[in-house]
Every structure is written in structure tokens, then in C-alpha cells.
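Next come the chains, spelled out residue by residue.
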Amino acid sequence: MKLKKIKNKLLLLVMGMVLSAPLYANAEEALELMIGFEEEEMFFEPRGETEQLERTSEDAYTGDYSLLVTERSQPWNGPAVRIEEHVDVSTEYSFSVWVKLIEEATVELQLSTQIGDGDNASYQTIDTQSVSSDEWVELAGTYRYDAIVDDFVSIYIESPNSDSVSFKIDDFSMQSAGSSSNISIQTELTPLKDIYEDYFLIGNAVSLAELEGQRLELLRHHHNLVTAENAMKPEYAYNSSREFDFTDQDRLVNRIKEEGLELHGHVLVWHQQSPEWLHTEDGQLLSREEALDNMYTHIEETVRHYGDDVIAWEVVNEAMNDNPRDPEMWRAMLRRSDWFDAIGDDYLELAYLKTREVLDENGWEDVKLYYNDYNDDNQSKASAIYYMVKEINENYAEDNPGELLIDGIGMQGHYNSGTNVDFVRMSIERFRELGVEIGVTELDITTASTGELTEEEEKSQALLYAQLFSLYKEHADIISRVTFWGLNDSTSWRAERNPLIFDRDLLAKEAYYAVANPEEYLARNDGSEESEKRVGQAGYGTPQLGEEIDDIWSTAEELAIDRYQLAWQGANGTGRVLWDEENLYVMVNVDDASIDTSSEFPWEQDSVEVFLEESFEQSSTYEEGTGQYRVNAEGQETFGEMTDHTSIETVVTETPTGYTVQFAIPWVNHTPQEGGRIGFDLQINDAESGNRESVAVWNDLSGQGFQNPSVFGELELTRADDSSTESDFLDSENGEGTNSPLIILAGLIIGSAAAVILVIMKRNKK
Ligand code: 9MR
């Protein structure tokens, strides 16, 4: 990545410029940076090797020019601007940039910030929005830099779910809150590491940014263990000449040691964040011998390098498929990664044997070897892992009686508020039978919706944290550590879903108190709150199903399919629903960069599912008129086992970024009426290499919809003339979106004031 520093004097820099109300609520907010692309100098530079940046006069959000971004080849490619010269530590900044796609598609674009350079960099998300070629969309959000590392801070725009989409950006701005925020770490809180001293270690995921200033203060107060969130992954162990280079890692490890924290090693062998050339050359897999040789060299050098600075190594990470159908046949259930394909199904066992050998040779017997994976609450996956560890350890014990090769199982713990703690318990109990220890290695709990955390969401998140910690305490004899995956919400890999126990200001959330005293928290909150059921609307009308998307769909409310049942968030899309006297019509737009329908099981293929309960009885069993209708990305229809009525019409069309599915589902047992209600849900299954990796739904997080209609969301049937246009569709439950004329007027005034100011700024630059 080659980014040159912006020269201050070249920028249109309105340092300290005070903008007057009503544009900003806080009169002290000052514009630091504004880049509108009217001048030749673009200031933004490409992050990757391939993408092209070019000013264009074809389109602009304001003024005459915007910046065109084409030829991207990786999701993280995109335009970046260096801003460290404008950043004061502990000051909050708000960022805004307007974006629009070039091609007809809908894709998520993301505004992110990078702090630090090289292997110790950390990457944080500021905002993510669905963007199309129809209109300019604003990516906006705030970020407070608690630490600057390596004198490097940049802001960039990427597309997390697409490698190649081309887009335009305009009117980037950065403004500070004027005065530094007076945040102090709540050192009066009882340190979690003390509360759990007799139970297990308390860990967190770190980069160098957590080892400075207030972040360090919070880290040290509650934790006694850390995992490098990224720096110790195979990708970062080499320089560009394929030689080992641990310079950046050594700086990190030295700081960790100076602070007296223990270090958990993450990770030696993984299908991600690893150099391709370890197992593949020119697109061809290496031979078993060559790949094994590379794997052994990587393990030997890395394990020797860190020695007993680590207390454990995750030797292999995420080797098991999700939801494996035949857990006992664990070898056949392994993920078809390049490591697997190049070496064979014994690559794991060989990796553990090699690591153990290097440790034994050097007298580092205390370093524990872990197997680490996610969706650990899924009983099929837990069971396949169980059989795998059992067999590998039994083999080892034949020559080494009484000894373990795999000492521990890492349950990552990327959960969500729909996670059922009973399944976590069942997995722990299963692993206990193996005589291994358990590490909770990457704990976080995402909320169902993105953006600001509601009180209800904060409570249900805290409740699950309490249930988990109460469970962990029960099993503390075998649980060695509990590591949170990130210090606070703004720096989490899932920042938009506020998954951690400290908030954006590093202050304790309800979840902290739930973790600190789970029994008391559970006694106060009986756990009876139901997860929030979504309510939406179906518009009235009869769409033509076909290649052309009928205009009438745009009169129906857009339903976001953005709740995730599993740890990964690959699939995404939106749905719209219409009804008439004959049918319920559903259209789902899916963003999916690579279509995979190779599994023999339809739900493990890229596909869309509609769940419908015509009568809205919220029954717990399937009756006549209740159905689960599935269509894969190639148009093949399948149905849930309990669905009787299977005569539906469907059309699937390809789009530049995925596919669209249209359904007409006849009413079976029901006369629909305006104002009527139905039970309803939408699901997108996203497959990768023959396995489902991600499940996105409109409403239900429990995954029980296939047998229990009571978990469906709710749709109201409206008439066309009272269903409004897209922009003011509402959440009918709380009446949001009912724009009063006054609010609209105020919005227009503020909007035009902002536009006028931006145009003036652009003119100033000429
Ligand atoms: O949190 C990590 C994030 O910063 C990286 O971009 C991402 C790349 O895959 O990896 C994240 O950490 C992952 C961990 O290494 C393995 N388990 C899943 C974690 C979340 O993706």
C-alpha cells in the first residue's frame, strides 16, 4: 500500500472554521477537512495495486466533479486519504462522504479508518450502507482516536462483500467536536480479572493501539491475557520476498510483556489471512510434499520465534464445516480449504504433531495446543469437532500414554442475542468428555439491529452475557480463559452491532455489570423478555413476475434481511411483499459475489426462503396454510418438510451483484383482507465451497422457523393507496417514519443550507 502524505497547504483546510447553527447542533464543531474533487489534486490514493482513481465531471453530489473508483480486485480496495495531521488524540471526529455505484446493482459500501501501518495496523468501521446507482448515499459516523500508532491514520471506502464493484465518491468531510472529550476510564469498577481470579483468565484481542493511553488503562484494569487480533496470523509473518519478518510482531509482544499480560497465540494454520503461496502457485495447488514442507517451516519458525512468550497456540483455526451433516465422519466434514486440498485430511493432525515436536525439542512443554472454531453452539459442528479431537488424541496416546496432543478446544463465541445458552452448555459438556480444557477465545454478542443500541437490545445482550458467565463459572474447572474479541464497541470487527461490554466512550455497558455479577443480574432479570419481533407491511397489487422487475414492487416496503443466525455475515439482501386476492408476492434481491449451488442439500446452496403463516396464529406447529418455500440461485424450488402446499410460481434472475427471486404463493386456506396480519419471514442462505456459511433473516434469529411458525415476524396487509413511497415507510409498531410536515420542512431547510455551504466551499477552491 503506497499512500503519500497529504501536504497541508494543498488541502482545502478550514481549520478552526466555526460553522453557524442551525447546521450543527454544537456551535464548537469545526470543519477540519473538506475534499470535493473540484481541484486537480485528488488527495485520495488507491489502497491496492489494481484500482484506478480518476476525477470525473460525469456526475457529482455537489459542484461539477466527483472521484471515480474502478478496477478494484479485493473487497478492501478503494480510495484512502491520510489524516493523521488533523487528528488530536481523544477528540471525537465526524466523517461524511457521499457515494454512488456506477453499475446497476445494490452493494454495501463501508467507510473505515486504519490506525497504524504494517502488521500492527488496526482497521475500524465507521459506517456501512446499501448503495445503488440510483442516488447518492451518505456514509457518515463518528470516531474518536484514543491512540495513534506509527504516525499513520487513514480514512477509506471499501465494499466488504464485493471485490470489484466500481463507484464514485464526493464531498468527503471531517470535522472535530472542537474540544477534547473528557472521558476517563472507570477505574472504580471492580476489575473483571480480580472477580474471576479463581475461575479463569480474562482476555482481550489487541493491536498496538490497545497498548497506549486510555485504551491501555482499560485493558490493564480488567484483563490479564491478550490475543493479537491480527498481527500473529500467518499473513503477517513474512515480508514481500517471502522471508520471515517478525519486526512488527516483536514490538507488539515486547509491549505486552512490559505490561505483564499473558499472550495467547493466534494462529498457525488457517484458510484465511495466510499467504496463498504457502499452498498454491500460479493458481495451482502445490504437491502434498511441497505444501507440507511450507506448513512445517511456518510452524517451526513461528513457534521457535515466540517460544514461551505465548501460553498457548491455536494450531489450526476453523477447519470444520458449518452444520456438518454427519459429524462422526469428521474427516469428510472438514472445510475444503487449500490446505486440505493440497495436503489431505491429515493436515491437521500433522500440524499438531509438528508443533508439539518443536515445543518438546525446546523444553516449552507448558505451552498448550488448541483447536479453535466458531458456531461452537451448533450441535452438529460441536459433535464433529468432538470426534476429530477424540481420534487425533487417541492416536497420539497410543505412542504417548496419558498425554494429549490437542490440549484444548477454543470456543470462539461469536454469538448474537438469539443464541440459546443451552446449546453452548451442551457443547461444553460434550467437550468435557474429551478431558481437554476449554478456552472461550473470541467472545462477543451482536445485537439484532445495527446503529445505536436501544435500551431493550442492551438488556437482552447483557442477559446473554450473564447466562454465559454463569455457565462458564459452573465449568470453571475446565475453562482456562475467557477472551472478549475487542475492547469496546467502536473497535469491534462488528462495530455496527455493538457487541462488547464497553461502549464507544470506553464506558461500562449493562453487559459489564452482567459479566461482573451474573447471578445477581439473572436474579434481577428473569430472562422472560422475548426478542423483538419485527413488524412490516405488504402493499396491495399484482406484479408481473418476469425478467423485467415490475415497477409496482417499489410501492411496497423494503424489508432488510440483516439479522444473522450464524457467526458469518456473508449473505445479504432486501425483500418486498405485495398481496392480492389470489397470491402473496415476494421479491428478494440478494447481493452475492459468487454463486454456489453445489451442495446436495438445498439449504446449503445459495438460496432464498420465504416462511408464511397465513392465519397469523403464531402457532408452534405447521398447519395448513403454513409453508417454507425455497428457491436456489438457479431457480430450483424446494420446500420445508412440513410444507404441504407446493404449487407456487417463481422466477430467478441474475443481477450484476447477485440474483433476484420473485415468488407468487397462492393463499391456501385464507381470504386476505386489508388490515389483516400474517406470520412472515425471509431468509438468505449463502454457500461457499458446497457449504452454507451464512444465514441472514428478516426476523428470526433462533433458526427454528422450519418447525415452529411462532418465531416468524409479522406483516400487515395494506392497500396501495395507504402504503406510502419508499422513503417514508415506517416501522408500524412505533410509528417512526411518519414524517410530519414540520419535520419535512425543517429537513429541507437544513438540507439546502448544507448544500449551499458545500457548493460555496467548492467554489472557494477554484
Ligand atoms: O477481528 C479480526 C478482523 O480485524 C480481521 O479483519 C478478520 C479477518 O478475517 O479477522 C478477525 O478475527 C477473526 C479471527 O481471527 C478468527 N475468528 C473470526 C474472527 C472474526 O472474523
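We now turn to the structure provided with this report. Quick caveat: nothing in here was measured; it's all calculated off a predicted structure.

## Some details on the sheet that holds strand 8 (residues 106-115)
The strands that make up a sheet pair up through hydrogen bonds in the backbone, lying either parallel or antiparallel.
Inference 1: Strands sit in the order 3-6-11-8-9 across an open sheet of five strands; the sheet is antiparallel. A single partner strand is all that each edge strand has here, and the edge strands are strand 3 (45-46) and strand 9 (122-132).
Inference 2: As paired elements, strand 6 (residues 79-82) and strand 11 (residues 153-158) share three bridges and run antiparallel to each other. Residue pairing in the sheet places R82 in a bridge with S154 of strand 11.

## Side note on the packing of aromatic side chains
Inference 1: Using the criterion set out here, one finds 31 aromatic pairs in the structure.
Inference 2: Aromatic pair F44 and F172: ring centres 5.6 Å apart, planes at 85°, arrangement edge-to-face. Of this pair, F44 sits in the loop between strand 2 (30-35) and strand 3 while F172 sits in strand 12 (residues 167-176), placing them 128 residues apart in sequence. The same class applies to F44 and to F172, which are both buried.
Inference 3: On the numbers, 5.8 Å between centres and 70° between planes, the contact of Y196 with Y199 is edge-to-face.
Inference 4: By relative accessible area, which is 0% here, Y196 ends up buried.
Inference 5: With relative accessibility at 33%, the residue Y199 sits in the partly exposed group.
Inference 6: Grouped by ring-pair contacts, the aromatic residues Y196, Y199, F200, Y465, F469, Y472 and F484 constitute a single cluster.

## Overview of the site of the ligand
Inference 1: In the vicinity of the ligand there are 15 residues, among which E229, K233, H266, E318 and E442 approach most closely.
Inference 2: In this structure, Q412 approaches the ligand through a side-chain N or O atom, which is 3.2 Å from a nitrogen atom.
Inference 3: Residue W485 places a side-chain N or O atom 2.9 Å away from an oxygen atom belonging to the ligand.
Inference 4: Within the complex, 84% of the 450 Å² of free accessible area of the ligand lies under protein.

## Some details on the side chain of S492
Inference 1: By the element assignment, S492 lies in the loop between strand 23 (479-484) and helix 10 (510-516).
Inference 2: With residues up to four places along the chain from it excluded, the contact list for S492 reads Q124, P499 and L500.

## Quick notes on helix 2 (residues 213-222)
Inference 1: Counting buried positions along helix 2 yields seven of 10 residues, so the element is predominantly enclosed.
Inference 2: The set of residues buried in helix 2 consists of Q214, R215, L216, L218, L219, H221 and H222.
Inference 3: Buried-residue contacts for helix 2 involve helix 1 (192-195), strand 13 (201-206), strand 14 (225-228), helix 3 (247-258) and helix 10.

## Here's the deal with the pattern of salt bridges
Inference 1: This model, assessed by the stated rule, comprises 39 salt bridges.
Inference 2: Notably, a salt bridge pairs E258 with R255, separated by 2.7 Å at the nearest N-O pair. Placement of the pair is E258 and R255 together in helix 3, with a separation of three residues, close to one helical turn.
Inference 3: Exposure remark for E258: the relative accessible area of 59% places this residue in the exposed category.
Inference 4: The partly exposed category is assigned to R255, whose relative accessible area is 21%.
Inference 5: A salt bridge links K473 to E519; the shortest N-O distance between them is 3.1 Å. Note that K473 is positioned in helix 9 (residues 455-474) and E519 in helix 11 (residues 518-524), a separation of 46 residues in sequence.
Inference 6: E519 gets classed as partly exposed once you look at its relative accessible area, which sits at 38%.
Inference 7: Among the charged side chains, a network of salt bridges with common partners joins R144, D146, E210, R215 and D505.

Thresholds applied
Residues numbered from 1 in each chain as written. Predicted model: local features only at pLDDT ≥ 70, side-chain atom pairs only at ≥ 80, totals over all residues. Heavy atoms only, no water. Pairing = 2+ DSSP bridges. Helix = DSSP H or I, 4+ residues; strand = E, 2+ residues; numbered from the N terminus. Phe/Tyr/Trp six-rings, centres within 6.5 Å; stacked < 30°, edge-to-face > 60°. Buried < 20%, exposed > 50% of the residue type's maximum accessible area, 1.4 Å probe, protein only. Near = heavy atom within 4 Å. Polar contact = N/O pair within 3.5 Å; in protein donor to acceptor, adjacent residues only side chain to side chain. Areas by Shrake-Rupley, 256 points an atom, 1.4 Å probe, with all protein chains shown as cover. Contact = heavy atoms within 4.5 Å. Salt bridge = Lys/Arg side-chain N within 4 Å of Asp/Glu carboxyl O.

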